[in-house]
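# Descriptive structure summary
Residue-level listing of the chains:
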Amino acid sequence: MKRQLNQYGSKKLQFIFLSLCLIPLVFFSPSNAQTLSVQGKVTASRFAVQNAAVTFIDNADTTIKFSTLTDATGFYRIGLTTSVEFNINDLPDKFALGQSYPNPFSSSTVIPYQLKRNSTVRVTIYDILGREVRKFFVGSQAAGSHNMLWDGRDNFGKRVASGIYFYKLQAGDESRVGKMIFDSGGGGSASLSPTFFSPLPKVNKAEGQHIQGGTYSVRIENTGNIFPIIISQQVDNVPVRNDTTINFSVNSIATTVVNLDSVHQIIRGFGAANILQWRPDMTDSEIATAFGTGEGQLGLTILRLRIQPDRNQWGINVPTAKKAHDMGALIIASPWSPPASLKTNNNLVDGELREDAYDDYAAHLNSFAEFMANNGVPIYAISVQNEPDVNVTYESCDWNPNQMLKFMKENASAIGTRVMAPESFQFRRAMSDPILNDPVACANLAIVAGHIYGGGLARYPLAEEKGKEVWMTEHLSGETSQANDWSWCLPVAKEINDVMQAGMSAYVWWYIVRFYGPISDGERNCGTKGEATKKGYVMSQYSRFVRPGYYRVDSQSWPATGNVFVTAYKDSSSSKVVLVALNTGSTPLNVAFRIQHGAVNNFSTYTTSVSKNVVRGDDVRVVGNCFMYNLEASSITTFVSN
């Protein structure tokens, strides 16, 4: 009995031992961890999505997740750790192109294919007439099964029309063509389910390894630094059997990112000109409308004057200039001509300043500054010459670059206030570069001033390098119409936007009171004399709220080719933040704003449109440094932080 028990026990031990030996063969056939590399791009209407979170979730165990971020080009690369089994399954023995799915589709479709060898892959979409619609250069891919997602957009990011399309796979010297149907009104979209072919795992024949791979749900989501902001989405049942490329197309929201730590130019203000004797002087009511900051007022902060050639006429500038100065405006002045006695032609029109009269001319400009200061009007800056580089038939004087350089180098220091130059009619660099490149002349120059008639609206890197402010000191538009014609108003807002984006510290319009200006003169049905015009209200969206001493900060809008234009400003002393947003399109548009490196709780809003004049709207809350706002069609809205 004891022997039998011992025999039984011995057999039991043998069974357990054999079982332990067989278990690894049954459950743990030779395997080890393997990482599959998946890469691709995340785009929105063909534009790269930066800093998007891309997460692959293993459907077999949803606690297993692999995440990464896209880079500045929208590119991502992620490693998926899976298992490898020894197997004798072969590589695909043929080059094949599967049927796209779903088919028909209305949103996106997957194009599956398999390669029997390492190949350089291209996929091209054609319409029924054989015209190229979209081309994908996939690059080099290993043997195995692959798939590619097409979002129904052409090479320009636009949705294609409903109809029949062909997709051509080119791998090395082999190619295949398939057919699919796009139905914009249907409900089909790609789920990337692994229904194409039979499972085609990646196999290394030499080692007999079978990479198990898996099926994943892929989430594309927003992060704190994503640009543009997207509508987060998930794509289910994505098969990954080998190293592969998978591109994702997502829907985005028009986005502006404001970086309060990225500081650009100081803002000196926004203004216009009161040119006496050529136009009547402003009334007290018009002065209040122009320079006041209350409701219905424009908040201008710069007044430009004309320096009359005859010093006996300077006094006519004082009354309006003093009232504007007392309301906080900066006063600048430009001469259209030196006194005729100092010119080569002894005439106020055309001609040049005589070289032997440079000292006298500097004394003339300095005398104007002293006269105005003695009458309670300090001149912030004086120009050497209005538009020295254009030939006209009215009061003027011609200067070439060498003459302007000589005066700035040898005479400008005699003028007892800031000097602006050269005030070219279109910021011609040939006039200003020599001044900036000469150490003495540059030291005498405070402001690079210029106009933008037909050109010149661009950043000026040399001026920035030399530490000089750039001011736009004259422009007008719409003189063939009137200032309540909305088709001429919003373009002024876009022009101010562009001037600010170009790094300029001031924007100065031509006449303040004129039928095409910010205040009506009563002519050409432009409204009651003395009232603010539509064009004036558009200007006030900047001038009332972006005050002298503010700084422009970086604002990046997407899409760059869209209808939304935004500039942003901050007041370092009060931490106030102001955004000015234009929607130049004909339909309302939801826009997302993100504020970086600053704490803003809410904004007050003010809108001017064809039916509104700086109308106060609802406040908007900022949550997580972000907020959404619906910009009215063809409008300008100013956001002022509280």
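Model, not experiment: these values are computed from the prediction. (Residues numbered from 1 in each chain as written. Predicted model: local features only at pLDDT ≥ 70, side-chain atom pairs only at ≥ 80, totals over all residues. Heavy atoms only, no water.)

## Describing the overall build of the chain
For the chain, the helix and strand inventory stands at 10 helices and 36 strands. Of all 642 residues assigned to the chain, the portion counted as buried reaches 53%. Once local pairs closer than 6 in sequence are excluded, the contacts in the chain between residues at least 24 apart make up 69%. A total of about 27,400 Å² of accessible surface is found on the chain, and carbon and sulfur atoms cover 50% of it. (Helix = DSSP H or I, 4+ residues; strand = E, 2+ residues; numbered from the N terminus. Buried < 20%, exposed > 50% of the residue type's maximum accessible area, 1.4 Å probe, protein only. Contact = heavy atoms within 4.5 Å. Areas by Shrake-Rupley, 256 points an atom, 1.4 Å probe, with all protein chains shown as cover.)

## Quick look at the layout of surface pockets
Where empty space is left can be seen by rolling a probe of water-molecule size over the atoms. Here the largest pocket defines a volume of roughly 460 Å³. Around the largest pocket, the lining is made up of 21 residues, and of these Lys-41, Thr-43, Arg-134, Phe-136 and Asn-247 lie nearest the centre. Of all the elements in the fold, those that place two or more residues in the lining of the largest pocket are strand E1 (31–44), strand E9 (132–141), strand E10 (144–150) and strand E18 (248–249). The element best represented in the lining of the largest pocket is E9, accounting for 5 residues. Per-class residue counts for the lining of the largest pocket are 8 nonpolar, 8 polar and 5 charged. The computed volume of the second largest pocket comes to approximately 350 Å³. Lining the second largest pocket are 25 residues, and of these Ser-45, Ser-252, Ala-254, Trp-558 and Pro-559 sit closest to its centre. Residue composition of the lining of the second largest pocket, by class: 11 nonpolar, 11 polar and 3 charged. (1 Å grid on protein atoms, 1.4 Å probe; cavity = no way out; pocket = protein on both sides within 12 Å on 5 of 7 lines; lining within 4 Å. Points joined across faces, edges and corners; volume = space filled by probe spheres on them. Nonpolar A, V, L, I, M, F, W, Y, C, P; charged D, E, K, R; others polar.)

## A short note on the pairing of strand E3 (residues 53–58)
A large share of E3 lies buried, amounting to 6 of its 6 residues. Here E3 shows two buried faces, one formed by Ala-53, Thr-55 and Ile-57 and the other by Val-54, Phe-56 and Asp-58. Pairing of E3 with strand E4 (residues 65–69), which is carried by 5 bridges, proceeds in the antiparallel orientation. Note that in E4 the partner of Ala-53 across the bridge is Leu-69. The turn joining E3 and E4, which pair antiparallel and follow one another in sequence, is formed by 6 residues. (Pairing = 2+ DSSP bridges.)

## Observations regarding the packing of aromatic side chains
Throughout the structure, instances matching the rule amount to 27 aromatic pairs. Summarising the aromatic geometry, the rings of Phe-56 and Tyr-76 are spaced 6.5 Å apart at their centres and angled 40° between planes, so their arrangement reads as tilted. Separated by 20 residues along the polypeptide, Phe-56 in strand E3 and Tyr-76 in strand E5 (residues 75–86) bring together distant segments of the chain. Across the pair, Tyr-76 and Phe-56 agree in class, each one buried. Between the aromatic rings of Tyr-358 and Phe-407, the centroid separation amounts to 5.9 Å while the plane-to-plane angle is 65°, which identifies the pairing as edge-to-face. Of this pair, Tyr-358 sits in helix H4 (residues 358–374) while Phe-407 is found in helix H5 (residues 401–410), placing the two residues 49 residues apart along the sequence. No difference in accessibility class separates Tyr-358 from Phe-407, as the two residues are buried. By the ring-pair criterion, three or more aromatic residues cluster together here, those being Phe-593, Phe-603, Phe-627, Tyr-629 and Phe-639. Cation over ring: Arg-418 sits above Tyr-380, and NZ or CZ is 3.8 Å from the ring centre. In this structure, Lys-494 is placed above the aromatic ring of Phe-565, and the distance from its NZ or CZ to the ring centre is 4.5 Å. (Phe/Tyr/Trp six-rings, centres within 6.5 Å; stacked < 30°, edge-to-face > 60°. Lys NZ or Arg CZ within 6 Å of the ring centre and 35° of its normal.)

## Looking at empty space enclosed by the protein
Taken as a whole and judged by the stated rule, the model has 1 cavity of 30 Å³ or more. Each pocket or cavity is described by its volume, and for the largest cavity that value is around 40 Å³. Taken together, Trp-336, Asn-386, Glu-387, Val-390, Val-392, Tyr-394, Glu-395 and Ser-396 make up the lining of the largest cavity. Class assignment for the residues of the lining of the largest cavity results in 4 nonpolar, 2 polar and 2 charged.

## Some remarks on the sheet that holds strand E21 (residues 302–307)
The sheet built from 8 strands closes into a barrel, its strands ordered E20-E21-E22-E23-E24-E25-E26-E27 with parallel pairing. Recorded for the sheet is a direction-independent mean angle of 25° between the axes of neighbouring strands. Sheet strands touched by helix H3 (residues 318–326): E21 and strand E22 (330–335). Its angle to E21, the strand with the most contacts, is close to 155°. (Axes fitted to C-alpha atoms, helices over the stretch in contact; angles between N-to-C directions.)

## Here we look at the nonpolar core
Phe-291 and Met-408 are the most contacted members of the largest nonpolar core, which has 97 residues in total. Ranked by residues supplied to this core, first place goes to helix H9 (residues 486–501) with 8 residues. Setting aside residues up to four positions removed in sequence, Met-408 forms contacts with Val-384, Val-419, Ala-421, Ile-435, Ala-441, Asn-444 and Leu-445. The next biggest cluster of nonpolar side chains, apart from the first, holds 32 residues, and it includes Ala-52, Leu-149, Val-218 and Phe-248. (Core = buried A, V, L, I, M, F, W, Y, C linked by side-chain atoms within 4.5 Å.)

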